[in-house]
Structures are given as structure tokens and as C-alpha cells.
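# Structural overview
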Amino acid sequence: MALQECGLNLNRVSRELQPHGSLEFPCAGYASHHTDRPDDGIPWHWHEEMELVYIQDGQMILRTPASSIVLREGDLAAVNSNVLHHAAAAPEGTLRSLVFSPALITGDSNSAFAKKYMKPLISCSSFTGYQIAPDDRERIAGWFRCAFEALAGDHAGFEFTVRENLSRICFFLCQQFQSQFDREAPLLHQDDLRIKKMLDYVHRNFAGELALPEIAKAADVSERECLRCFQKTLQTSPMQYLLKYRIMQGAELLLTNHTDSISDIAVRCGFDSPSNFAKQFKRFYLVTPREYRKLHREAPAVV
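Report follows, based on the coordinates.

About the cut-offs
Residues numbered from 1 in each chain as written. Predicted model: local features only at pLDDT ≥ 70, side-chain atom pairs only at ≥ 80, totals over all residues. Heavy atoms only, no water. Helix = DSSP H or I, 4+ residues; strand = E, 2+ residues; numbered from the N terminus. Buried < 20%, exposed > 50% of the residue type's maximum accessible area, 1.4 Å probe, protein only. Contact = heavy atoms within 4.5 Å. Areas by Shrake-Rupley, 256 points an atom, 1.4 Å probe, with all protein chains shown as cover. Salt bridge = Lys/Arg side-chain N within 4 Å of Asp/Glu carboxyl O.

Moving on: the overall build of the chain. When helices and strands are counted, the chain shows 11 helices and 7 strands. Counting every position in the chain, which comprises 303 residues, the buried fraction comes to 45%. A separation threshold of at least 6 residues defines the contact pool for the chain, and within that pool the share at least 24 residues apart is 70%. Accessible surface for the chain amounts to roughly 15,900 Å². Of this, 51% is attributable to carbon and sulfur atoms.

What follows is the structure, given as C-alpha cells:
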């Protein structure tokens, strides 16, 4: 199975819709290089699959609502199922990642693998983002590289190699969190619930006139609490998030709707004028919308 193109297809609550692998083998590998340009990070998102992130070179910062992890060359981190996360280079980084369904490890949902290990692991509230400690790093990273190379190589029987090594890593994670498996899992953290409600509202209504009171009302909180929740969870303000989301939607439309004018795209993304759209777009992407469209039309395909 070849590596998949690294790109996010998000629904209205930042849940990733892109299939990782296939129904027959629900695991996908990704390789990508990032810089600290504002448009070159991995935006906040979540998916039902677990994810392993390995830094091939450089440095990146992996964030969840509960943690901020600095990852350097050779470091490996795990992100649990359904955890909101984001990554950015500092200042450059090349990552390799494996995104896989727990079902790849468990098989039947009533198996011992599911009941004794994977269900308790993905339900563990203490496991959000976890960096492999230095003493274990080379051993665990070796399993990751073995799985990643097998997936990329697509040789006969690669599925056995991938599943075997992912199983080793999952068992290692179970050992790290096992002492907390028997505790009653608390409800999803209140800030996580609130931020997902507010992101849902922003993503459904970004094209219209939006202000702080409306965003706060979506989670039934005060404006002050809305500001605090965004800053604590996403490290930005609601209005800055809205602006960035509008610009990113505009960038996507510039490339997918080739016949639409820039003026039409500006309106569809909630900007009051094409000139304001162009001004904000250039601040973010360092080129005008017209230049952005032209550059990407002329850019060679990445192999």
C-alpha cells in the first residue's frame, strides 16, 4: 500500500473525513515536510483513528488541548482516538505518521485484544498526546520505522509486518497507562465539549456575519469564557480563528472552483469586499489570491 497524500478533509467540527487506508486494511502512512509559515502547519482536527507521529528531521510542536509536546529528530509521539490535535514546525520539520483504526489491532470487537487492551486504552482520559521517553525511544521508534517502511514498500505480506509492529506499540502504550485503566473515565473535559460546539458553529456560519456573542452563545458561555476557552485550547482568539478559517476556505475555493471570480469567492467566505479578502489573504499566504491560484496551477505534481 503506497503512502497517501497528506491533506485534511474536515467536517464542520474539525473531524477528519479522509479515509485512512481501506476497510480491508484501515491504516495509512503519510510523509510531509513543514515550515513555520502560517499556512504550512497541520490545523486543529480529530479522527477516530489513533496516530503515531515520528520526526524524520527538524523540529515540530504537537499540541492537544491538554499538552504541548516539542518533538525533535528521532522523537515519536502517539495521539489517542478522538483527540483534537494540531502540529507546527519550529522552524522546519519532516514528519512520518501512521494513522490506524484500533480495529486493525483488535479484529473482532469482542476479542481479548479489544476488551483487555485497546478499549481501555482509547477510553483512558489520561492518554491524549504522549511522547515516548528517551529510554524507550529507539526501541519503539524502531517498531514504527519497520511498520512505516513495510507500508510504503507494499511488498507481499506487508500487512502482517505493519500489524505486528503497531500491536507492539499499542501494548507498550497499554503498559504505560494500565494503572489508570480501572478508574472510572470522567466525562469529556468541559473545555473540549465547548470548543467543539463553537468550532461547529463557526464552520457552519463562517460565510455570514459572525461576532463574538454568537460564537459564545453556541456553547452557552459568556464572551469572556469563550475567549478563555479558545486561548487555552487553540492558543488563538475566536475572531482570529474565524479569519484564518475564512482565508483557508478561500484558498481551497481558488484551487477547486477555477471558473469562480475572486470577488465571488470573497463573498462566499464572508469577506465584506474583494479588496479586504486580498489584503488578509496576502498577510497569511504572502501572495495575492490571483498569484496563489496561478502558482498552484503551474506547480508540478509532487511525487
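Two side chains that carry opposite charge are able to pair once their charged atoms sit near each other. Summed over the entire model, instances satisfying the criterion amount to 10 salt bridges. One salt bridge in this structure joins Lys-232 and Asp-191, with 3.4 Å as the shortest N-O distance. Placement of the pair is Lys-232 in helix H7 (residues 223-234) and Asp-191 in helix H5 (residues 190-205), with a sequence separation of 41 residues. Taking the shortest distance from any N to any O, the salt bridge between Arg-204 and Asp-200 comes out at 3.1 Å. Note that Arg-204 and Asp-200 are positioned in helix H5 at a spacing of 4 residues, about one turn of the helix.

Everything listed here is a matter of coordinates, which is why it stays silent on function.
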